[in-house]
Amino acid sequence: MSSSFVDPLIIETVTRLCETEIPKYQTEECYNTIPRALFTAMCEAGLGGLSIPEEYGGIGASAATSAAVYETISRYDIGPAIFLSVHAMVSGIISRHGSEQQKREYLPKFASGELLAAFALTEPNAGSDTAAIASEAKILADGFSLSGNKCYITSAGFADIYLTFAKTEDENTSGLSGFIIPKETPGMSWGKPERKMGAELSPIASLFFDNAHLPKSALIGVLHGGRKVALSGLAGGRVNIAACANGLARAAIEDSIAYMKERQQFGKALVEFQGLQFMLADMHMKLSASQLLTAKAAEDIDLAAHGTNTKLSSSTAKCFATDAAMAITTDAVQLFGGAGYIKDYTVERYMRDAKMLQIVEGANQIQRIIIAREIIESS
Ligand SMILES: Cc1cc2nc3c(=O)[nH]c(=O)nc-3n(C[C@H](O)[C@H](O)[C@H](O)COP(=O)(O)OP(=O)(O)OC[C@H]3O[C@@H](n4cnc5c(N)ncnc54)[C@H](O)[C@@H]3O)c2cc1C
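Residues numbered from 1 in each chain as written. Predicted model: local features only at pLDDT ≥ 70, side-chain atom pairs only at ≥ 80, totals over all residues.

Draft legend 1. Summary view of unusual backbone geometry. At Y152, a residue that is not glycine, the phi angle is positive and equals roughly 60°. Examined against the element boundaries, Y152 turns out to sit in strand β3 (residues 143–154). C-beta crowding within 10 Å serves as the criterion here: with 19 such atoms nearby, Y152 is assigned to the partly exposed category. Of note in this structure, S155 is not a glycine but carries a positive phi near 75°. As for its position among the elements, S155 is in the loop between β3 and β4 (161–167). (Helix = DSSP H or I, 4+ residues; strand = E, 2+ residues; numbered from the N terminus. Buried ≥ 20, exposed ≤ 12 C-beta atoms within 10 Å, placed from the backbone.)

Draft legend 2. Expanded view of the site of the ligand. As a matter of local geometry, the ligand sits amid 19 residues, with G127, S128, T154, A363 and Q365 nearest to it. Counting residues per element, the ones that place at least two in the shell around the ligand are β1 (117–120), β3, α10 (347–359) and α11 (364–377). Classifying every residue of the shell around the ligand gives 14 nonpolar, 5 polar and no charged. (Near = placed C-beta within 6 Å. Nonpolar A, V, L, I, M, F, W, Y, C, P; charged D, E, K, R; others polar.)

Draft legend 3. Highlighting the nonpolar core. By size, the foremost hydrophobic cluster in this structure holds 115 residues, and its most contacted members are F179, V239, C244, A245, L248 and A325. Broken down by element, the residue count for this core peaks at 14 residues, all from helix α7 (residues 234–262). Dropping the residues within four chain positions of it, A245 is found in contact with S290, A321, T322, A324, A325, A354 and L357. (Core = buried A, V, L, I, M, F, W, Y, C linked by C-beta atoms within 7 Å. Contact = placed C-beta atoms within 7 Å.)

Draft legend 4. Inspection of the pairing of β3 at higher detail. Looking at chain direction, strand β2 (residues 136–140) and β3 are connected through 5 bridges and run antiparallel. Looking at the pairing, L140 lines up with G143 of β3. The turn joining β2 and β3, which pair antiparallel and follow one another in sequence, is formed by 2 residues. In this sheet, strand β7 (residues 204–215) lies alongside β3 in antiparallel orientation, the contact comprising 9 bridges. Paired with K150 across the two strands is L207, which belongs to β7. (Pairing = 2+ DSSP bridges.)

Draft legend 5. Just helix α3 (residues 63–76), in detail. Here α3 spans 21 Å end to end across 14 residues, near enough to the 20 Å set by a 1.5 Å rise per residue. Within α3, 14 of the 14 residues are buried, which leaves it mostly tucked inside the rest of the structure. (Expected span 1.5 Å × (residues − 1).)

Draft legend 6. Expanded view of the pairing of β1. Neither face of β1 is open: one carries A117 and F119, the other A118 and A120, and all of them are buried. As judged from the 4 bridges shared by β1 and β4, these two strands associate in the parallel manner. Looking at β4, one finds that A117 is bridged to I161.

Draft legend 7. Region of interest: the domain arrangement of the protein chain. According to the domain assignment, the protein chain consists of domain 1 (8–116), domain 2 (119–229) and domain 3 (233–377). Listed by partner, the interface residues are 18 residues for domain 1 and 19 residues for domain 3. Within the residue set of the side of domain 1 that touches domain 3, elements represented by two or more residues are α3 and α4 (78–97). Broken down by element, the side of domain 1 that touches domain 3 gets its largest block of residues, 10 residues, from α3. For the side of domain 1 that touches domain 3, the per-class residue count stands at 10 nonpolar, 6 polar and 2 charged. (Domains from an automatic or database assignment.)

Below, the structure written as structure tokens:
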């Protein structure tokens, strides 16, 4: 079986789950929360353990299958795809860098949905520039004392476990360490969910640490080795964001065609105007190219154990697919005319959601920096 094999049974299950479960939560009441029942239903279908090896209770899916799952969920709503992809990124990092005890303690509970995970790297003065992280974990005889703030953290206040990165070396060095921090840790608190533009089913908020005491066992990987730990999740995360973009773009194209078959102007259905057909053709070409780049990047991740470089293809897929989704969803709003601007129709939501994807998991300017560096260095 090819490493990039996509399991059709999982995709069928996810499609059914999205059709029946997601509409229940697309309400003002649920927006800016993580509906726990939805997360539980996703985990019952195996999605909590997508990136977790079978020996720790997961399904150890290929990166290609994971990407297909995120594309499918995002076809219905991007929110659950985003909080699930963050949960999977943390699961993947603990699978790769955690001690045996950390893997046994957390991974089965992540897979079952007993625990939801969050990833806390960004700070008010350290977004693209992670070297500027100011949160500091002072080294004590019996562990660490963590102080500092994080912002824009997906699932903050709803997640049970926070994989958090902080400085552990002095001002002249940039040593970071990663810590696995349970929600009930004294000295830790969180703010209200931010009022944001879209992705309403994936809240973000700030985290505050005030001399939070962490035991030695909270450290993941080696002391001062946190940068490597944090970056190890990024290639997979970028492929998943590319897949989310493809799901949104698919939704925008499918909904546009359905609307254009119904809507009549000048005595014809919109879909009969050649100028609009050309827009649809361009949208389709952009999506097809994005799907191919995403599949190639996922395949590289599945082959990473054999030394395949994942940096260039994951950044290329993330940047291209999210820019394509922004263009496709904007065109969809145009194709709907005035209706496209109205919240009773779906496409304005897709356009708002696409904007987020160009910013998260490394903004697209940062992806272009990485792509340029990689191709120049390898020439
Ligand atoms: C919905 C949402 C969910 C998020 N979830 C999480 C999460 O779960 N965990 C987490 O840790 N973070 C999360 N983030 C934070 C996200 O990763 C950052 O917002 C992102 O990395 C950009 O950082 P910034 O906002 O500080 O922008 P800045 O770094 O201030 O960048 C501002 C602009 O300048 C550009 N720029 C910056 N540096 C350069 C450069 N050298 N050259 C050219 N252009 C440059 C950027 O591309 C951007 O366009 C989330 C953000 C959002 C909006």
